[in-house]
Amino acid sequence: MIDETAPPRVDSEVGPLRAVLLHRPGNELKRLTPRNNDQLLFDSIPWVDRAQAEHDAFAEVLRSRGVEVLLLADTLRTALDDNRAHAAGVHAAVDDRRLGGDLADSLRSHLSGLDAAGLAEVLMAGMTFEELPSAEGASLVRMMNHPHDFAVDPLPNLLFTRDSSVWIGDRVAISSLTMPARRRETAVLDLIYAYHPQFRHAARAYGAHSAPIEGGDVMLLAPGVLAIGVGERTTAAGAESLARSVFADGIAHTVLAVPIEQSRATMHLDTVCTMVDADAVVMYPLARDSLTAFTLRPTGDGGVKVAGPAPFLVAAAEAMEIDRLRVIDTGLDPVTAEREQWDDGNNTLALAPGVVVGYERNVETNERLEAAGIEVLPIAGSELGSGRGGPRCMSCPVRRDPL
């Protein structure tokens, strides 16, 4: 449990991290096969036991630095102890249009009888047609699906807790996830934030039914200053909608909308750039000069004014009210830089100003960070990275101290 005397609040990327939401890989990863891994957004089939060991080591690094680690599965089970959450969880798991009325009713009845732990497992790991409860009468849907097809899809990308929700100030934004394989994640986070005792009174900064936006594209450059990547996963409409929301709530005064390439390698802004100090970023060299930003600010009468585009580094420094934003490249050699960008070299998690967690395999990036005075806490990620995500992707900060 989070210390209830210190409610959730995050105002920056690098303020001392005090509490974080992680998801330890579970049976949902064991659902991945060569037949479905592309659809479920993984580039390879992870060795689950090794992925769990790597994640345990990641969590232990955080705990060793005084960070409270909340595990998503635990928070979900606690939330589902509330009867209202349990009913909402059953509703989220059953798709009548996909299963047909009779089979959907049978599944709904079965799930309603599960305890919180059993329902949480189905919500995360899914259920195959073979695992559906037996029912009287014939079901064309059951008969025409392979026994190992999913009646309830698994959510292997729950591992990347940054994407499905993000805290901005004292409010939580529930992401509107773009890819079909991830959309049901928002229902899981909705349950946690609505019914977990610690979160149930938290105000919302954004809702899952709004225009597409994902947490990996949202960067808190400084108190009141957000950068939002617009590319494969977050739309311009999503960036503008979130900007309007945070302006209306008074939790931000400037939003930078940053166009990024729409590709698997650069799916989110945090795959090309993350903050490592209050005035420093680690950045993919090819993005250093090409990234631009549109600056959004409130007009004062409920509207939004848009300026730009301007070079991202210039616009960011101006919004942050600093002379310049220091840039640490992931490597000057183009091949090494491209390899380490693909291996999430830019995707670091700051535990405090000048202290970050990064994958150990990104040797050159880590050496350049250390040379720039940044302490790097290396972790293994040979299996964790199979879904294209690094330490930042795998963590949703819940509480940071002010800078």
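Each chain carries its own residue numbering, running from 1 in the direction its sequence is written. Selection of residues for local features in this predicted model requires a pLDDT of at least 70, selection of side-chain atom pairs for listing and counting requires 80 or more, and totals for whole chains, interfaces and linings are taken over all residues. Excluded from the side-chain calculations are hydrogens and water; all other atoms, namely the structure's heavy atoms, are used.

Asks: With reference to specific residues and values, describe the overall build of the protein.
Replies: Regarding its fold elements, the protein presents 14 helices and 19 strands. Any residue under 20% of the maximum accessible area for its type is buried, any over 50% is exposed, and the rest in between are partly exposed; the area is computed with a 1.4 Å probe on protein chains only. With 403 residues in all, the protein has 57% of them scored as buried. Contacts were defined at the residue level, with two residues in contact if any of their heavy atoms lie within 4.5 Å. Long-range contacts, defined as pairs at least 24 residues apart, comprise 72% of the intrachain contacts of the protein with a sequence gap of at least 6. The accessible surface values rely on the Shrake-Rupley method and a 1.4 Å probe; as for residues, cover is taken only from the protein chains in view. Carbon and sulfur atoms make up 51% of the accessible area of the protein, which totals about 16100 Å². Each helix corresponds to a stretch of at least 4 residues labelled H or I by DSSP, and each strand to a stretch of at least 2 residues labelled E; elements are numbered beginning at the N terminus.

Asks: Can you explain the sheet that holds strand 17 (residues 355-359)? Please cite residues and give values.
Replies: Pairing between strands is defined by DSSP: at least two bridges between them are needed. Pairing within the open sheet is mixed, and its three strands lie in the order 16-17-18. Each having just a single partner strand, strand 16 (349-352) and strand 18 (375-379) make up the two edges of the open sheet. Sheet twist, expressed as the mean angle between neighbouring strand axes with direction ignored, is 30°. Two strands pair when backbone bridges link them, and strand 16 and strand 17 are joined in this way by three bridges, in the antiparallel orientation. Note on strand 17: the bridge partner recorded for A350 is V356. All axes here are fitted lines through C-alpha atoms, helices being fitted over the stretch that makes contact, and every angle between N-to-C directions spans 0 to 180 degrees.

Asks: Quick rundown of the pairing of strand 11 (residues 273-277)? Include the residues and the values.
Replies: Consecutive side chains along a regular strand alternate between the two faces of the sheet. Among the five residues that make up strand 11, five are buried, leaving the element largely enclosed by the rest of the structure. Of the strand pairs in this sheet, strand 11 and strand 12 (residues 280-283) are connected by four bridges, and their pairing is antiparallel. Its bridge partner lying in strand 12, M275 is registered against V281. What sits between strand 11 and strand 12 in their antiparallel hairpin is a turn of two residues.

Asks: Which residues make up the sheet that holds strand 10 (residues 254-259), and what values do they have?
Replies: Strand order in the open sheet formed by five strands is 8-9-10-13-14, with mixed pairing between adjacent strands. Of all the strands in the sheet, just strand 8 (218-222) and strand 14 (304-311) have a single pairing partner and so form its edges. Going across the sheet, the axis of each strand differs from the next one's by a mean of 25°, ignoring polarity. For strand 9 (residues 225-230) and strand 10, the ladder comprises six bridges, and the chain directions are parallel. The residue bridging L226 from the neighbouring strand is V255, located in strand 10. Those strands touched by helix 12 (residues 312-320) are strand 8, strand 9, strand 10, strand 13 (292-298) and strand 14, and its axis lies near 30° from that of strand 13.

Asks: Go over the packing of aromatic side chains with me, naming the residues and quoting the values.
Replies: Side-chain rings of Phe, Tyr and Trp (the six-membered ring for Trp) are treated as a pair once their centres are within 6.5 Å; stacked means planes under 30 degrees apart, edge-to-face means over 60, and tilted covers the remaining angles. Summed over all chains, the structure comprises three aromatic pairs. Taking 5.9 Å as the distance between ring centres and 40° as the angle between the ring planes, the aromatic pair formed by W167 and F199 counts as tilted. Here W167, found in strand 5 (residues 165-168), pairs with F199, found in the loop between helix 9 (185-195) and strand 7 (203-206); they are 32 residues apart in sequence, far enough to count as distant. Neither W167 nor F199 differs from the other in exposure class; each is buried. Between Y193 and F199, the aromatic rings sit 5.1 Å apart at their centres with planes inclined by 75°, giving edge-to-face as the arrangement. Using a relative accessible area of 1% as the deciding quantity, one classes Y193 as buried. One aromatic cluster in this structure is built from W167, Y193 and F199.

Asks: Now, about helix 12: what can you tell me, with residues and values included?
Replies: Burial of helix 12 is extensive: seven of the nine residues sit out of reach of the surface. Residues of helix 12 that are buried include every one of F312, L313, A315, A316, A317, A319 and M320, and no others. Phi for E321, located one or two positions after helix 12, is positive at around 60°.

Asks: Before we move on, could you go through the UniProt feature "active site" (unreviewed entry) in the protein and cite the residues and values that matter?
Replies: Taken from the UniProt record, the annotation "active site" (unreviewed entry) applies to C393. As for its placement among the helices and strands, C393 is situated in the loop between strand 18 and strand 19 (396-400). According to the relative accessible area criterion, C393 is buried, its value standing at 2%. Excluding its chain neighbours within four sequence positions, the residues that come into contact with C393 are L159, F160, T161, R162, D270 and N347. UniProt positions are given in the numbering used here, feature names are shortened, and annotations may be inferred rather than shown by experiment.

Asks: Tell me what's going on with the pattern of salt bridges, and back it up with residues and numbers.
Replies: Criterion for a salt bridge: a side-chain nitrogen of Lys or Arg within 4 Å of a carboxyl oxygen of Asp or Glu. Applying the stated criterion across every chain, the model contains 25 salt bridges. Taking the shortest distance from any N to any O, the salt bridge between D153 and R98 comes out at 3.0 Å. Of the two residues, D153 is situated in the loop between strand 4 (150-152) and helix 8 (161-164) and R98 in helix 4 (residues 96-99); the sequence distance between them amounts to 55 residues. The exposure class assigned to D153 is partly exposed, which follows from its relative accessible area of 26%.

Asks: Could you give an account of the environment of V363, naming the residues involved and the relevant values?
Replies: By the element assignment, V363 lies in helix 14 (residues 363-371). Residues V363 and P378, spaced 15 residues apart in sequence, show a C-alpha to C-alpha distance of 9.6 Å.

Asks: Explain unusual backbone geometry to me, and be specific about the residues and the numbers.
Replies: Of note, the bond from G308 into P309 is cis; its omega dihedral lies within 30 degrees of zero at 10°. Tracing the backbone through its elements, the reader meets P309 in strand 14.

Asks: Can you lay out the nonpolar core for me, pointing to particular residues and giving the numbers?
Replies: One broad trend across soluble globular proteins is that nonpolar side chains are buried collectively. Residues enter a nonpolar core if they are buried and are Ala, Val, Leu, Ile, Met, Phe, Trp, Tyr or Cys, with the set joined through side-chain atoms within 4.5 Å. In this structure, L76, L80, W167, Y193 and V246 are the most contacted members of the largest nonpolar core, which totals 67 residues. Where each domain starts and ends comes from a domain assignment, either automatic or drawn from a database. When residues of this core are assigned to domains, at least three map to each of domain 1 (48-72 + 156-400) and domain 2 (74-152). Those residues in contact with L80, other than ones at most four positions away along the chain, are A85, H86, A116, L119, A120, L123 and L191. The next biggest cluster of nonpolar side chains, apart from the first, holds 36 residues, and it includes V281, F312, A319 and V327.

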